[in-house]
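Read off the chains here:
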Amino acid sequence: PIVNENDAIGVEPADGDRSIDRDELAIVDNDSIAAVLATELRCDLAILLSEVDGVYEDPKNPTTIPMLNEEMLEADLLKFGEKKDGVKMGSKVKAAAYMMKRGVNVVIA
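For the structure given in this document, a descriptive report is provided here. Bear in mind that the values here come from a model prediction, so they are computed numbers and not experimental data.

What follows concerns the environment of Ala97. Summarising the element assignment, Ala97 is placed in helix α4 (residues 89–100). Here Ala97 falls in the buried class, since its relative accessible area comes to 13%.

What follows is the structure, given as structure tokens:
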């Protein structure tokens, strides 16, 4: 990451200037920082890396979803399990949704 939350910011979400709705995206990890930076820099593409094989339809069903779209995210049909190997896919998907709503294409790989 360009900015690593472990190095550059506190762990607790900050109110900042309140330009970002905390319910939509709390700035608490590298994914949320990447989402804000990609949006502010008007990036064409953001890539969120993970050690997990993909985003699954259900934590109990290891079938990956090949492509997420805004309709899927808005319908809130995805379920997320616990953190696996330090990766929290819900955070990645929330960051991706934030960027997609603002015109940034996103890949979770």
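Note that side chains of opposite charge can pair when their charged atoms are close. The final tally for this structure, using the stated rule, is one salt bridge. Across the pair Asp31 and Lys92 runs a salt bridge, and its minimum N-O distance is 3.0 Å. With a gap of 61 residues between them, Asp31 in helix α2 (residues 30–40) and Lys92 in helix α4 connect regions that are remote in the sequence.

What follows concerns the pairing of strand β1 (residues 45–48). Burial along β1 is one-sided: Ala46 and Leu48 are buried, while Leu45 and Ile47, pointing the other way, are not. Bridge count for β1 against strand β4 (residues 105–108) is four bridges, and the pairing is parallel. Bridge pairing links Ala46 to Val106 in β4.

What follows covers unusual backbone geometry. Its identity as a non-glycine residue notwithstanding, Arg42 has a phi of 55 degrees, on the positive side. Along the chain, Arg42 falls in the loop between α2 and β1. With a relative accessible area of 74%, Arg42 lands in the exposed category.

A cluster of nonpolar residues, Leu45, Ile47, Leu49 and Val107, forms a patch on the protein surface that exposes about 380 Å² of accessible area. Of note, Leu45 is situated in strand β1. Of the residues examined, Leu45 reaches a relative accessible area of 46% and is grouped as partly exposed.

Definitions and cut-offs
- Residues numbered from 1 in each chain as written.
- Predicted model: local features only at pLDDT ≥ 70, side-chain atom pairs only at ≥ 80, totals over all residues.
- Heavy atoms only, no water.
- Helix = DSSP H or I, 4+ residues; strand = E, 2+ residues; numbered from the N terminus.
- Buried < 20%, exposed > 50% of the residue type's maximum accessible area, 1.4 Å probe, protein only.
- Salt bridge = Lys/Arg side-chain N within 4 Å of Asp/Glu carboxyl O.
- Pairing = 2+ DSSP bridges.
- Patch = residues over 30% accessible without salt bridge, like charges linked within 9 Å, V, L, I, M, F, W, Y side chains within 5 Å.
- Areas by Shrake-Rupley, 256 points an atom, 1.4 Å probe, with all protein chains shown as cover.

None of the figures reported here should be taken as evidence of function without further support.
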